[in-house]
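Coordinates in review
The lines below spell out each chain.
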Amino acid sequence: MAVHHRYRHNIGQSIPEHELRIGLPIHLSCTNFGCYWTITNLERINGILWMTLKSYSGNYLRRRASYARHIRRNER
């Protein structure tokens, strides 16, 4: 059943770069999926897309876009 739930809601699946946008809530593959981040800036450096992220508690973090994962299908 967990596999069906994960497939149906898109949880933890990679987000293609063209779908990333400022304000999008995401999970990071390198952190606990209970935590979500909001994209505040997108920047391409030497061909690599980087995201500046803000957590609910106000902490900022910078990560490669390849770490972005969906939260739920209806939150895109």
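Below, the structure is looked at part by part. (Residues numbered from 1 in each chain as written. Predicted model: local features only at pLDDT ≥ 70, side-chain atom pairs only at ≥ 80, totals over all residues. Heavy atoms only, no water.)

This next bit is on the pairing of strand S3 (residues 48–55). Where strand S2 (residues 37–45) lies against S3, eight bridges are found, and the strand directions are antiparallel. Note that in S3 the partner of glutamate 43 across the bridge is tryptophan 50. In this sheet, strand S4 (residues 60–64) lies alongside S3 in antiparallel orientation, the contact comprising five bridges. By the bridge assignment, leucine 53 is partnered in S4 with leucine 61. Taking the residues between adjacent antiparallel strands as the criterion, S3 and S4 are bridged by four residues, where glycine 58 takes a positive phi near 100°. (Pairing = 2+ DSSP bridges. Helix = DSSP H or I, 4+ residues; strand = E, 2+ residues; numbered from the N terminus.)

To continue, consider the sheet that holds S2. Read from one edge of the open sheet, five strands run S4-S3-S2-S1-S5, paired in antiparallel fashion. Edge positions in the sheet fall to S4 and strand S5 (68–69), since each of these pairs with one other strand and no more. The pairing of strand S1 (residues 25–28) with S5 spans two bridges and is antiparallel. When the sheet's bridge partners are listed, leucine 28 is paired in S5 with alanine 68.

The next point concerns the pattern of salt bridges. The tally for this structure, following the rule as stated, stands at two salt bridges. Here glutamate 43 ties to arginine 62 by a salt bridge, and the two come within 3.3 Å at their closest N and O atoms. Taken as a pair, glutamate 43 in strand S2 and arginine 62 in strand S4 lie far apart in primary sequence, 19 residues in all. (Salt bridge = Lys/Arg side-chain N within 4 Å of Asp/Glu carboxyl O.)

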